[in-house]
Amino acid sequence: MNPVVMALSDGWVVAKRNLIKIKRIPDLLIFSTIQPIMFVLLFAYVFGGAIPTQGVDYKEYLMAGIFTQTVAFGAAITAIGLAEDLQKGTIDRFRSLPMSRAAVLIGRTTSDLLNNVLVVAVMSICGLIVGWRIHNGFFKAIAGFLLLLAFAYAMSWVSALIGLSVKSVEVAQSAGFIWMFPLTFLSNAFIPTHTLNPFLRAVADWNPISSIVLAIRDLWGNAGTMPRPEGFPGEHPLLLSLLWIAGILLVFVPLSIRKYRQAASR
Amino acid sequence: MTATIQAEGIVKTYGQLRALDGLDLSVPEGTVLGLLGPNGAGKTTAVRILTTLLRPDSGSLTVKGIDVLKHPDDVRRIIGLSGQYAAVDEYLTGYENLEMIGRLYHMSKRQARERANELLERFTLTDAASRPVKTYSGGMRRRLDLAGALVAAPPVIFMDEPTTGLDPRSRLGMWDVITERVREGTTLLLTTQYLEEADQLADNIIVIDHGRAIAEGTPDELKRKVGGERLELTLRGEAEVATAAAIMRGVGTGEPTVDSETHQVHVPVTRGAPALIAAIRELDAAGIEPVDIAVHRPTLDDVFMRLTGHSTEDKTTEEQK
Ligand SMILES: Nc1ncnc2c1ncn2[C@@H]1O[C@H](COP(=O)(O)OP(=O)(O)OP(=O)(O)O)[C@@H](O)[C@H]1O
Ligand SMILES: [Mg+2]
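Residues numbered from 1 in each chain as written. Chains lettered and ligands numbered in written order. Predicted model: local features only at pLDDT ≥ 70, side-chain atom pairs only at ≥ 80, totals over all residues. Heavy atoms only, no water.

Asks: Is there a simple way to think about the site of ligand 1 in this case?
Replies: All names here are of chain B. Near ligand 1 there are 14 residues, and of these Gly40, Lys43, Thr44, Thr45 and Gln84 occur at the shortest range. Side-chain polar atom of Asn39 to an oxygen atom of ligand 1: 3.0 Å apart, as the coordinates give it. In the model, an oxygen atom of ligand 1 is placed 3.1 Å from a nitrogen or oxygen of the Ala41 main chain. Relative to its free-state accessible area of 640 Å², ligand 1 is covered by the protein chains to the extent of 67%. Per-element tally for the shell around ligand 1: the top contributor is helix α1 (residues 43–50), with three residues. Grouping the constituent residues of the shell around ligand 1 by class yields five nonpolar, seven polar and two charged. (Near = heavy atom within 4 Å. Polar contact = N/O pair within 3.5 Å; in protein donor to acceptor, adjacent residues only side chain to side chain. Areas by Shrake-Rupley, 256 points an atom, 1.4 Å probe, with all protein chains shown as cover. Helix = DSSP H or I, 4+ residues; strand = E, 2+ residues; numbered from the N terminus. Nonpolar A, V, L, I, M, F, W, Y, C, P; charged D, E, K, R; others polar.)

Here it is, written out as structure tokens:
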């Protein structure tokens, strides 16, 4: 069989297996959607008035940030899922089968992507209820969602490498999250970056999260007349976002697959 | 022709510890090799290396002539593995587990479905087929895991302690399944801690300890080395020992050993049951009523006693030092 076809078809078998787990434990899904709903409501009503925005309602400005932060944090489920499979010996069984070496990771990242689709859908409905609107028409709206999901998928591969490296579900639970805090908070997700000192500002402006958030705001017409980063990140956020996503995938897909091959050979 | 499973000089170290220390083994086509050894002997390590899960530090190994280290993917196509710890998916049903494995061996949907149902029946799991494995007992999981190794009807199968944790009936059922596979031409390597099991199933046995083979041969050869079965008699008091020893000499094949402290008399026998009956008759005629009389079959511990001069327990304490 052609290796690419085999990777995809084996990957789909593994993805189905992961989805069955979600079906059997619906609590998992309920809790993974409650948290984003809480975020939307908290930011909309608690922080809502605290940060002045120009040319755009803060709730609208904020929504792209909340979406991006949520899918970034959501990537941790990839690490947790893989660590669990390693710990329970499932990966040993898979590794003794004549299946594609990439299939377990493709399957895991695919089922996590589908999980993300649902989370984003729930958040969008919640956002619409609190007053968030998209202004640039259908196609740009879809483009924004696709960019968000592409970023989520890329982050999932970063998380996969973490999950395969830690080998214990408990460690994966914290290791999967920790690095998300500086990454998401040192960005334009919740605050305009021009208030930061010059060094932090440069870091925040080049942060991939900032590029994604700004690109989505532009696509959805939620950017208003807020100050933008100087230079390239401010002028071409969409291009920069795509470069980031491609770069993350190019680095982490091969690294994770290599790690998977070695993971069980402790 | 080289054997179906062939390994030479396998070494695997974990830091200071030599888990495998130059293990050689060879399993001709259609035969069963029993790897017999106590905890920590290196059985699982050997199985993991032979099934491509682990790379050895050195050594060469082939399965059906395919170099395991150079072409692991080709090897995976022709082997089935059931590891020491059941690697079944808790959230899937028994059926879904087997069907998934079938799909990953690249069977068609229909083939995978039929094979799953067939195996569920064979392993008496049909009633539980549509329940998530989470609700299975330990023995049921074990059986499902073993079924997993047979999904693709692979010509070479590895089983790491296949009957540990099974009740006596399931164990016999498992032996049946294994014997049936072998009759159909499957080559099998299994590990066990029970001499009795290796005796039942294996054509050849390798006893390993500290990652090295310490004895090798057919079950009969090995039992001859350890002395086969033994009649063990415990008496009420010193007075009866001499008469009893004479009777035991008569039914046994060698000189009886007498322990005057515990009033025990042991004698090697060729066939346990007839010897037992003869001994009881004669003891009764002599008016001796023993506290206990039994046939003792050699265990792994006896093998160790004989081969290394220490029991398997000693080894563990030695390790802890
Ligand atoms: N990942 C590992 N790291 C360090 N030591 C290991 C590792 N895996 C196995 N060992 C050691 O290698 C030796 C052989 O282990 P192995 O699991 O092969 O034994 P075994 O014969 O299967 O024992 P058991 O009957 O208990 O299953 C043991 O001393 C064990 O502690
Ligand atoms: Mg073991």
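Asks: Can you walk me through the packing of helix α7 (residues 138–166) of chain A against helix α11 (residues 208–220) of chain A in this structure?
Replies: The description of two helices packed together rests on the angle between their axes and the distance between the axes. Residues and elements named next belong to chain A. Across the interface, α7 lies against α11 with an axial gap of 8 Å and an inter-helix angle of 165°. One element, α7, and the other, α11, form an angle in the roughly antiparallel class. Like other packed secondary-structure pairs, α7 and α11 cross with a definite hand, here left-handed. Judged by residue contacts, Lys140, Ala141, Ala143, Gly144, Phe145, Leu147, Leu148 and Phe151 of α7 engage Ile209, Ile212, Ala215, Ile216, Leu219 and Trp220 from α11. Grouping the amino acids of the contact of α7 with α11 by side-chain chemistry returns 12 nonpolar, one polar and one charged. (Axes fitted to C-alpha atoms, helices over the stretch in contact; angles between N-to-C directions. Parallel < 35°, antiparallel > 145°, perpendicular 65-115°, else oblique. Left-handed = near helix turned anticlockwise from the far one by under 90°. Contact = heavy atoms within 4.5 Å.)

Asks: Any chance you could explain the domain arrangement of chain B here in plain terms?
Replies: Size of an interface: often given as the accessible area lost when the parts come together. For chain B, the assigned domains are domain 1 (3–224) and domain 2 (229–297). Between the C-alpha centres of domain 1 of chain B and domain 2 of chain B the distance comes to 41 Å. (Domains from an automatic or database assignment.)

Asks: Would you take a moment to explain the coordination of the magnesium ion (ligand 2) for this structure?
Replies: In ideal tetrahedral geometry, four donors around a metal make angles of 109.5 degrees, whereas ideal octahedral geometry with six donors gives angles of 90 or 180 degrees. All names here are of chain B. Protein-derived ligands of the magnesium ion (ligand 2) are Thr44 (OG1) and Gln84 (OE1), with the metal-ligand distances lying across 1.8 to 2.0 Å. Residue Thr44 is located in helix α1, and its partner Gln84 is located in the loop between β6 (79–82) and α3 (94–104); the two are separated by 40 residues in the primary sequence. When its relative accessible area of 22% is taken as the criterion, Gln84 is described as partly exposed. (Donors = N, O, S within 2.8 Å, 3.2 Å for Na, K, Ca; no water. Buried < 20%, exposed > 50% of the residue type's maximum accessible area, 1.4 Å probe, protein only.)

Asks: Would you explain the interface of chain A and chain B in this entry?
Replies: Taken together, the 25 residues of chain A in the interface contact 29 residues of chain B. Summing both sides of the interface, chain A and chain B together bury roughly 2,500 Å²; the carbon and sulfur share of this comes to 58%. The largest contributions to the chain A side of the interface with chain B come from Arg24, Arg93 and Pro98 of chain A, which together make up 28% of the buried area. One can count six salt bridges joining chain A with chain B. The shortest N-O distance in the salt bridge between Asp145 of chain B and Arg93 of chain A comes to 2.8 Å. Joining chain A to chain B, the criterion identifies 11 residue pairs in polar contact (both at pLDDT 80 or more). Going through the elements one at a time, α1 (3–24) and α5 (90–95) of chain A are the ones with two or more residues in the side of chain A that touches chain B. Looking at the side of chain A that touches chain B, the element that brings in the most residues is α1 of chain A, giving seven residues. For the side of chain A that touches chain B, the class distribution of residues is 10 nonpolar, four polar and 11 charged. (Buried area = accessible area lost by both parts, 1.4 Å probe. Salt bridge = Lys/Arg side-chain N within 4 Å of Asp/Glu carboxyl O.)

Asks: Could you clarify how one ought to interpret the pattern of salt bridges in this entry?
Replies: Two side chains of opposite charge can pair, provided their charged atoms sit close to one another. The full count for this structure, using the stated rule, is 25 salt bridges over all chains. A salt bridge links Asp85 of chain A to Arg17 of chain A; its shortest N-O distance comes to 2.8 Å. Taken together, the residues Asp85 of chain A in helix α4 (residues 76–87) and Arg17 of chain A in helix α1 connect sequence positions 68 residues apart. Accessibility assignment for this pair places Asp85 of chain A and Arg17 of chain A in one class, buried. Residue Glu161 of chain B pairs with Lys43 of chain B through a salt bridge whose shortest N-O separation is 3.9 Å. Residue Glu161 of chain B is found in the loop between β7 (156–160) and α6 (168–183), and its partner Lys43 of chain B is found in helix α1; the two are separated by 118 residues along the sequence. Neither residue differs from the other here; Glu161 of chain B and Lys43 of chain B are each classed as buried. Each of Lys21, Glu84 and Lys88 of chain A together with Glu90 and Arg141 of chain B takes part in a single network of salt bridges with overlapping partners.

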